[in-house]
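# Inside the fold
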Amino acid sequence: NAGVTQTPKFHILKIGQSMTLQCTQDMNHNYMYWYRQDPGMGLKLIYYSVGAGITDKGEVPNGYNVSRSTTEDFPLRLELAAPSQTSVYFCASSYLKNRGRNTEAFFGQGTRLTVV
Amino acid sequence: QQQVKQSPQSLIVQKGGISIINCAYENTAFDYFPWYQQFPGKGPALLIAIRPDVSEKKEGRFTISFNKSAKQFSLHIMDSQPGDSATYFCAARNQAGTALIFGKGTTLSVSS
């Protein structure tokens, strides 16, 4: 059982380039999230999805896009990368049970992205 | 605005001592309060969590105390060990599960 898998683990991107961070989960979770973690700032929610075909903005969505074509995959797209997007990115997933209660959120190992 | 405030930012405790980390929240719609533990180079992992209908939850050496009226909750680590050295995040989630809001984290160092 792999859980939440993120690729790549590390990447260096030049200013203005684009890239996609991959996230896949094998737990059949309906909820998926993207967070970024900056030193001393905790984790900030970028985007989330409550199911295939449904996505919505979190706290810090500017400069990012997401899609959710399948239950398993939730890629995060960076267009026109900027130095401010240098961060560690975490993907997470959870499952909404009956009676509206979610399971805990399971996190991937993270992608460390540097924009130079 | 910061919806979940966490303190202290860093903490040094001797082996065998008690580590205490505090959090305060603003939104009364939050209904789930987890604590996550994160080791360097790893993703956060759930340590212990509580819902607002109880005032305390204990799992081994880890205890959450919850004060609904004060909108505060805290993590107590008893008999702290060097292996507990990590960054700890408190968080709060709304009922729909669409928002898990994190505190800024506390770096705990347990000296042997």
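Note that the coordinates shown come from a computational prediction; the quantities given were computed from them, not determined experimentally.

Scanning chain A for helices and strands turns up zero helices and 11 strands. Ordered by position in the sequence, the α and β elements of chain A form the string β-β-β-β-β-β-β-β-β-β-β. In terms of overall size, chain A behaves like a compact globule, its C-alpha atoms giving a radius of gyration of 14 Å where 116 residues would be expected to give roughly 13 Å. Taking all 116 residues of chain A together, 45% fall into the buried category. Here the contacts in chain A between residues at least 6 apart in sequence split such that 55% fall between residues at least 24 apart. Carbon and sulfur atoms make up 51% of the accessible area of chain A, which totals about 5700 Å². Averaged over its 11 positive side-chain charges, chain A has a centre that lies 4 Å from the centre of its 8 negative ones.

This brings us to the interface of chain A and chain B. Listed per partner, the contact involves 22 residues of chain A and 21 residues of chain B. Summed over both partners, the interface of chain A with chain B buries about 1800 Å², with 50% contributed by carbon and sulfur atoms. In this assembly, chain A and chain B are joined by zero salt bridges. Run the count over chain A and chain B and you get four residue pairs in polar contact (both at pLDDT 80 or more). Among the secondary structure elements, those contributing two or more residues to the side of chain A that touches chain B are strand 4 (31–37) and strand 5 (43–51) of chain A. A breakdown of the residues in the side of chain A that touches chain B according to their chemical character gives 11 nonpolar, eight polar and three charged.

Residues and elements named next belong to chain B. Spatially, 1-3-8-7-6 is the arrangement adopted by the five strands of the open sheet, whose pairing is antiparallel. Among the strands making up the open sheet, the edge pair consists of strand 1 (4–7) and strand 6 (56–59). Ignoring which end each strand starts from, the neighbouring axes of this sheet average 15° apart. Bridge count for strand 7 (residues 62–67) against strand 8 (residues 72–77) is six bridges, and the pairing is antiparallel. Across the sheet, residue Phe66 finds its bridge partner in strand 8, namely Phe73.

Calculation criteria
- Residues numbered from 1 in each chain as written.
- Chains lettered and ligands numbered in written order.
- Predicted model: local features only at pLDDT ≥ 70, side-chain atom pairs only at ≥ 80, totals over all residues.
- Heavy atoms only, no water.
- Helix = DSSP H or I, 4+ residues; strand = E, 2+ residues; numbered from the N terminus.
- Rg over C-alpha atoms; globule rule 2.2 N^0.38 Å.
- Buried < 20%, exposed > 50% of the residue type's maximum accessible area, 1.4 Å probe, protein only.
- Contact = heavy atoms within 4.5 Å.
- Areas by Shrake-Rupley, 256 points an atom, 1.4 Å probe, with all protein chains shown as cover.
- Lys, Arg positive; Asp, Glu negative; His and termini not counted.
- Charge placed at Lys NZ, Arg CZ, Asp CG, Glu CD.
- Buried area = accessible area lost by both parts, 1.4 Å probe.
- Salt bridge = Lys/Arg side-chain N within 4 Å of Asp/Glu carboxyl O.
- Polar contact = N/O pair within 3.5 Å; in protein donor to acceptor, adjacent residues only side chain to side chain.
- Nonpolar A, V, L, I, M, F, W, Y, C, P; charged D, E, K, R; others polar.
- Pairing = 2+ DSSP bridges.
- Axes fitted to C-alpha atoms, helices over the stretch in contact; angles between N-to-C directions.

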